[in-house]
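Fold and contact review
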Amino acid sequence: MHDDRTLVEARLKRVLDERLRPAVYPESVPMDVRVWTAPGEPVPVAEGLAAPTEPIAVGAAWGAPWATSWFTVTGTVPHAWTGRTVEAVLDLGFDENMPGFQCEGLVYLPDGTPVKGLNPRNQWVRVGAPVTGGEQVELRIEAASNPVVLDYKPFVPTLLGDKETAGSEPQYRLARMDLAVFDETVWNLILDLEVAGELMHELPADSGRRAELTRAVDRALDAIDLQDVNATAGAARAELTGVLSAPAVPSAHRISAVGHAHIDSAWLWPLRETVRKVARTASNMTALLADEPEFVFAMSQAQQWAWIKEHRPEVWAKVTKAVAAGRFVPTGGMWVESDTNMPGSEAMARQFVHGKRFFIDEFGVDNEEVWLPDTFGFAAGLPQIIKAAGSKRLLTQKISWSRTNTFPHHTFLWEGIDGTRVFTHFPPVDTYNCSMNGREIAHAARNFKDKGVARHSLAPTGWGDGGGGTTREMVAKAARLRDLEGSATVTWETPAGFFAKAEAEYPDPPVWVGELYLELHRATLTSQAKTKQGNRRSESLLREAELWAATAAVRAGAPYPYEQLDRIWKTVLLHQFHDILPGSSIAWVHREARATYAALADELTGLIDDAQRALAVDGPHELVFNAAPHARDGVPAGGAAPAAPGTPTAVEPREDGGFVLDNGLLRVEVDGRGLIVSAYDQRARRETLPPGQAANLLQLHQDFPNMWDAWDVDEFYRNTVADLTAADEVTDGERPGSVRVTRSFGGSSVTQVISLDGRRVDIATEVDWHETEKFLKLAFPLDVRAERYAAESQYGHAYRATHTNTSWEAAKFEACNHKFVHLEEPGWGVAVVNDSTYGHDVTRTVREDGGTTTTLRVSLLRAPRFPDPETDQGRHTFRHALLPGATIGDAVREGWFLNLPERVLSGAAEVAPLVTVDDDAVVITAVKLADDGSGDVVVRFHESRGGRAAATLTAGFPVTSVTVTDLLERPLAEPERPGRSIPVTLRPFELVTLRLGR
C-alpha cells in the first residue's frame, strides 16, 4: 500500500477547520444586546444588574483597559427549533489562543444567579435540551475588558499593566451574540476525529495501530457530505467506532487526570481581578460537574476559596454543595501557592497553618498533599515544614522548565536539610494546563522516567494561569482515552487518590537530597526590591507584634489582638504568591503591594508600641526591647532592660586618602574611592580581603535576558561589567564613628554609610536608581578557601558548592539566601548578613600567590521593562554587614540582630522574657498565644547550626502542661508536666512547637 499518511492528516485538518467546527451550530438567530459600563472599579453584582443600559451592536468596540461592562442579551427561541438543543453563543471578541489572558465574563440570570464563566475556550451557555420553542432568553454578562499584556510577540514593554497608565482605548469588539442550535453529533464527531488524529500522529510511522487509525479516519472523512455535514455526521462516527473501542494494552501508562485551573493570585492582572477570575472558573466547574458524573475538579489556595465566600456567596453555595459531594476538592493546604525560596521560616509555616485551617474549618478536609505546580524552585527546608503541618506529599511541575539539567525522576522522595522526606511527584505531562491533547498524553507516557518500576502519573487538566478550568471537550476526550489502544489510559481522580496509587506501586522510590533548584527565573530573587523589602519587614514586625503582645497579655493582662494578627498574616501570606514576591507581576500589583506593606508596617508598629508601653509602664529608665532570639548588649532575648554601652569606634584619616575605622575588634580601611581595602580581624590577627582587592564594590552589568525579562538573568550577563570605583565624596559620616561615601553613575546615585558594630562592618546603602536593563551587585572578595558555602533557608541553612565541577553546580550561578551567607575554612569564617536582599552569587579563583579568592556578590537592583516598564525605579535603602571571623552561629545571631533592631522606651522596670533557652544554637522563631484563644503560650524553635543540641527551655510564668504540637497547634503527644524548666534535645535543624498551658 502506498504511504498516504500526510495526505490524510492534511485532509483531516482542513475538514475539521472549515466544515465540521462551523457545523456544530448549524442554525442561529441574533440576540439583542444592551450595555452599561461601570464608571470606575467593578461594582457589586446587584448594582450591575440594576444599572441602566443602552443598545450596542455586534461588531462595536467596547471595553477600556481594566473596565467592566454589563451586557444584557435577550432573544426568543424559534418555534422551528422545537425538540432540539439550543445554546447562547456569546463571543465578546475572544482570541481562542489566549484563555485567561484577555477579556472574560461571568453570566448571570436576571435574578443574580450565576450560570457560568465565559472565556475564549468556553463561549456557550445551554438554554434548553430540548427546547419547546418560543422560550424567552435573558442573560446578563459581567464582562471584564482585561487588556492583553503578554501578546504574540512576548515581553514587549507596555503601559497596559496599570489602570493609571493604560489609557481608555477600547480593547475588544463584540463578535457574536446568538441563539444557536447545538448539534451534539457533529460535536462528538469532531472529538472522535481529534482523538484519533492526535493519537495517530504520535504513534510510530510503521506501527500497525497507526495504519488502522489512518484508514479509519480516511473512511470517516469519506462518509461526510461536505455540503450536508449535519445529516452525515452519524455515519462518519460509525466508521470510527471500531478503532476507538480497542482497549489499551495491559502495560499502558496510567494517567490520573485532575480537573484544574491554575489561577495566579496576581500576575498580568491585579488582585481584584483574580477575585473575579476565581468566581468565573468556579462557576464553570460547578456547571461542568453537574453535567459530567465522572469529572473531578481540584482547587488549591485557601485565599481563593475565601474570596469566593466573601465576594460571590451565590457561587460559594454551589461550590460547597460540590465539595460535600466529593467532586470539587480542596487541595494543597496553603494560603496561596507561594514562592518557597524567599518566605522566612515562620511565614512558610503560616502558609500551611492558615491554608490547612481554612479547609478544616470550612469543610472538615485535612489535606496531606502540597500543590505547587508553578512555584520557581523549592528551598531545602520545606520538607520539614510540610511534615510539621501534617502533610506528606508534594506535587510540582515547574522543575521541568530547567534549562541546563534534566531532573532524573518523576516520582521520588525529597529529603530536606533535617532528614525529613516527603513523597514527591513531577507530572511527566510537563504542563499544569493539560488539555487532553494527544501530544500531551503521549509525551507523558514517553517522558515518565520511572517506567519499569512505576506506571502512574498525574495530569492537571484545564486552562490555567488566568483561569478558565476544564472544558467539556477535555472531559469528552478523557472519556475516549479511558481505555484506548496505543494511548496511556486516563481516569479522573482526586490528588489524594492519585498519590495513594503512586505510593502503593512504588514503595521504595529514589531519594533527592537538598533544594529543588529551578534552573530558570533566577532574577525573581531580585526584581521589585520594594516588594521584597516589604515582605521581610512585615515578617520581622509580625514576629515582634506576636512576641510583645503575648508578653503583655501574660505579664500585664493586656488583650491579645487575635483577629488583627490573623488578618495581617493572611495579607502578608497573600503577597508571597509566586508572582508577587518574586517581582514578576504588572506595575499595578506592585504599586498596590508597596501601599499595603506601608499600611501593615504602621498597623504592626502600633501593636508593638501598645504592647511595649503596657509592659514598660511609666518610669525614668531607658529600656531596650530586644525581639531577637539572642541576648544583645546585656538585654535578654525577648525581654527589655538597660543596654550595656557599645564599643566606640575611632575614625582617623588614612594616609593615602579615605579613613581607618577601629574599635579594638576590627580595623577597617576605606580608601579614597570609598572602597573597603582592608578588614582586619584583630582577635584572629587575620586579614579578610585578598591582596590588592576591595570590598563594598558596586558592580553594574548589562541585563537583557533572552526572554522572561522580570524573571530571568542569563549567565552571559557576567560577560560585561563596570566597576563603580569613582567616588564623588568620601567624608566622615554624620553619625560618630562612620564614613560616608557618595558616587554617581548613569542617571543614578548612591550614598553609603560604613560603620562598625562590634565584630560587624555595617554598610547602609541608599540608591536613587534610574537605569534601564541593568543589574547592580555589591561585591565582597574574601581571602577564604571554601569548596562550599552556607545560605540561610527556612529553619536552618543549605550548602552550595563554590565550584562548577558539574553542570548542576554551574547552573546555580544565582541563588537565594535569607538573612546570611557564610563561608568558612577550618578555624575561621566570614559572613555577610542583610536586612532585605535574597539573590547572590559566589565564585572562586586561585591567585598567583597560591591563595584562593572566594567572591560573594549580593544582588541589589534590576531594571527589566516587562511586565512593569518602571521596575525598581526610584529610591531604595539596603543594609548589609560583613562579619570577619564569623562562625555559623555568629551569622545566625547577627542576621537576626540586623533584621530586628532594638526599640528604646522609658519605663519603670525591666521586662523578663516569657521564655528563655540556655543554648544559642536553639533559635526561638515564634512566641505567641495559642490560636484557639485559650491563653496558652506557643513557642516554636529549631536547632540552627546543623548539629545536635541539648538545652533547657525555661518559662517565665507558671506552666500547667507542656505539649508537643504540629504547626496547627494540634497535639502530637500526651501533655507533660515538667514545670517551668523543659529539657529539649534536637537533631540538626529539627523544628519543634511546644504549647505551654497556663
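The present account deals with the structure reproduced in this document. (Residues numbered from 1 in each chain as written. Predicted model: local features only at pLDDT ≥ 70, side-chain atom pairs only at ≥ 80, totals over all residues. Heavy atoms only, no water.)

The helix and strand tally for the chain stands at 19 helices and 52 strands. Relative to the compact-globule value of 30 Å for 998 residues, the chain shows a C-alpha radius of gyration of 31 Å, a close match. Taken along the three principal axes of its C-alpha coordinates, the chain extends 95 × 65 × 60 Å. When each of the 998 residues of the chain is scored for burial, the buried share is 63%. Taking as baseline every contact in the chain between residues at least 6 positions apart, the subset at least 24 positions apart corresponds to 75%. (Helix = DSSP H or I, 4+ residues; strand = E, 2+ residues; numbered from the N terminus. Rg over C-alpha atoms; globule rule 2.2 N^0.38 Å. Buried < 20%, exposed > 50% of the residue type's maximum accessible area, 1.4 Å probe, protein only. Contact = heavy atoms within 4.5 Å.)

On to the sheet that holds strand β12 (residues 176–181). Strand order in this open sheet of 4 strands is β1-β12-β6-β9, and the pairing throughout is antiparallel. At either margin of the open sheet sits one strand with a lone partner, and together these are β1 (28–30) and β9 (124–128). When the angles between neighbouring strand axes are averaged without regard to direction, this sheet yields 25°. Relative to β12, strand β6 (residues 86–91) is paired through 6 bridges, and the arrangement is antiparallel. By the bridge assignment for β12, A88 is matched with L179. (Pairing = 2+ DSSP bridges. Axes fitted to C-alpha atoms, helices over the stretch in contact; angles between N-to-C directions.)

So, about the side chain of R209. With respect to the helices and strands, R209 occurs in helix α4 (residues 208–223). Among the residues examined, R209 registers a relative accessible area of 7% and is labelled buried. Those residues in contact with R209 that sit more than four places away from it in its chain are L199, L203, V243, A246, L484, E485 and G486.

This paragraph deals with the packing of aromatic side chains. Applying the stated criterion to the full structure yields 35 aromatic pairs. The structure contains a cluster of three or more aromatic residues connected by ring pairs, namely F101, F155, W267, W269, W401, W708, W711 and F866. Directly above the ring of W124 sits K116, whose terminal nitrogen or CZ lies 4.3 Å from the centroid. For R472, the ring lying beneath its charged end belongs to W124, and the centroid distance is 3.6 Å. (Phe/Tyr/Trp six-rings, centres within 6.5 Å; stacked < 30°, edge-to-face > 60°. Lys NZ or Arg CZ within 6 Å of the ring centre and 35° of its normal.)

A few words on the packing of helix α8 (residues 302–311) against helix α10 (residues 345–363). A pair of packed helices is characterised by two quantities: the angle between their axes and the separation of those axes. The N-to-C vectors of α8 and α10 enclose an angle of 45°; their axes lie 9 Å apart at closest approach. In terms of their interaxial angle, α8 and α10 are classed as oblique. Contacts between α8 and α10 pair A302, W305, A306 and K309 from the former with G355, F358, F359, E362 and F363 from the latter. Considered class by class, the residues forming the contact of α8 with α10 number 6 nonpolar, 1 polar and 2 charged. (Parallel < 35°, antiparallel > 145°, perpendicular 65-115°, else oblique. Nonpolar A, V, L, I, M, F, W, Y, C, P; charged D, E, K, R; others polar.)

As for its position among the elements, D264 is in the loop between β13 (254–259) and α7 (271–291). Among buried Asp, Glu, Lys and Arg side chains, D264 stands out as unpaired, with K398 the closest opposite charge at 7.9 Å. Other than its neighbours up to four places away in sequence, D264 contacts W269, T274, Q304, D374, D465, F577, H578 and D579. (Lys, Arg positive; Asp, Glu negative; His and termini not counted. Salt bridge = Lys/Arg side-chain N within 4 Å of Asp/Glu carboxyl O.)

To continue, consider the pairing of strand β33 (residues 738–745). Of all 8 residues in β33, 6 are buried; the element is thus mostly enclosed. Of the pairings in the sheet, the one linking strand β32 (residues 729–732) to β33 comprises 4 bridges and is antiparallel in character. Looking across to β33, one finds that E729 is bridged to T742. Counted between consecutive antiparallel strands, the loop separating β33 from strand β34 (residues 748–757) contains 2 residues, among which G746 sits at a positive phi close to 50°.

For the rest of this paragraph, the subject is unusual backbone geometry. For residues that are not glycine, phi is negative in most cases, and the peptide bond is trans in most cases. A cis amide bond links A129 with the next residue in sequence, P130, at an omega value of 5°. Note on placement: P130 falls in the loop between β9 and β10 (136–144). Of note, the bond from F866 into P867 is cis; its omega dihedral lies within 30 degrees of zero at 5°. Within the fold, P867 resides in the loop between β43 (852–862) and β44 (874–884).

The subject of this paragraph is the pattern of salt bridges. Summed over all chains, the structure comprises 81 salt bridges. Salt-bridge contacts for E346 lead to R350; the nearest nitrogen and oxygen are separated by 2.9 Å. Linking E346 with R350, this pair stays in helix α10, spanning 4 residues, or about one helical turn. Judged by its relative accessible area of 10%, E346 falls in the buried class. Judged by its relative accessible area of 4%, R350 falls in the buried class. Through salt bridges with shared partners, a single ionic network connects E41, E104, E142, K163, R272, E273, R276, K277, R280 and R312.

For helix α15 (residues 529–556), with 28 residues, the first-to-last C-alpha span of 39 Å sits near the 40 Å given by 1.5 Å per residue. In terms of burial, α15 is largely enclosed, as 24 of its 28 residues are buried. (Expected span 1.5 Å × (residues − 1).)

Let us now look at the nonpolar core. Within soluble globular proteins, side chains that are nonpolar tend to cluster in buried spots. F71, L90, L193, W305, F328, F941 and L996 are the most contacted members of the largest nonpolar core, which has 229 residues in total. Residues within four places of F328 in sequence aside, it is in contact with A282, M285, T286, L289, F297, M299, W305, V319, A322 and V323. (Core = buried A, V, L, I, M, F, W, Y, C linked by side-chain atoms within 4.5 Å.)

Judged by pairing direction, the sheet is antiparallel, and its 5 strands sit side by side in the order β25-β26-β27-β28-β29 without closing on themselves. At either margin of the open sheet sits one strand with a lone partner, and together these are β25 (650–653) and β29 (686–687). Here strand β26 (residues 659–662) runs beside strand β27 (residues 666–670); their pairing, made up of 4 bridges, is antiparallel. When the bridges of β27 are listed, F659 appears paired with V670.

Another aspect to go through is helix α17 (residues 587–616). The terminal C-alpha atoms of α17 lie 43 Å apart, and with 30 residues this matches the ideal 44 Å at 1.5 Å per residue to within 8%. Looking one or two residues past α17, V617 carries a phi angle of roughly 60°, positive in sign.

For strand β40 (residues 820–825), a buried count of 5 out of 6 residues is recorded, marking the element as mostly surrounded by other parts of the structure. Direction of pairing for strand β37 (residues 788–793) relative to β40: antiparallel, over a ladder of 3 bridges. Opposite Y789, over in β40, you have L823 as the bridge partner. For β40 and strand β41 (residues 828–834), the ladder comprises 6 bridges, and the chain directions are antiparallel.

The next thing to look at is the environment of G557. With respect to the helices and strands, G557 occurs in the loop between α15 and α16 (562–574). For the pair G557 and R403, spaced 154 residues apart in sequence, the C-alpha separation works out to 57 Å.

For the pair helix α9 (residues 313–324) and α10, the least separation of the axes is 11 Å and the interaxial angle reads 85°. For the element pair α9 / α10, the angle class is roughly perpendicular. Along its contact with α9, which presents W316, T320 and V323, the element α10 presents F358, E362 and F363. Taken together, the residues of the contact of α9 with α10 break down into 4 nonpolar, 1 polar and 1 charged.

This part covers the environment of G452. Relative to the helices and strands, G452 is located in the loop between α12 (438–447) and β20 (456–461). Note: C-alpha distance between G452 and S251 (201 residues apart in sequence) is 9.6 Å.

Along the polypeptide, A144 turns up in strand β10. On a C-alpha basis, the gap between A144 and L898 in space is 45 Å, while along the polypeptide they are 754 residues apart. Sequence-distant contacts of A144, that is, excluding residues within four places in its chain, are made with W62, A67, C103, E104, E273, R276 and R280.

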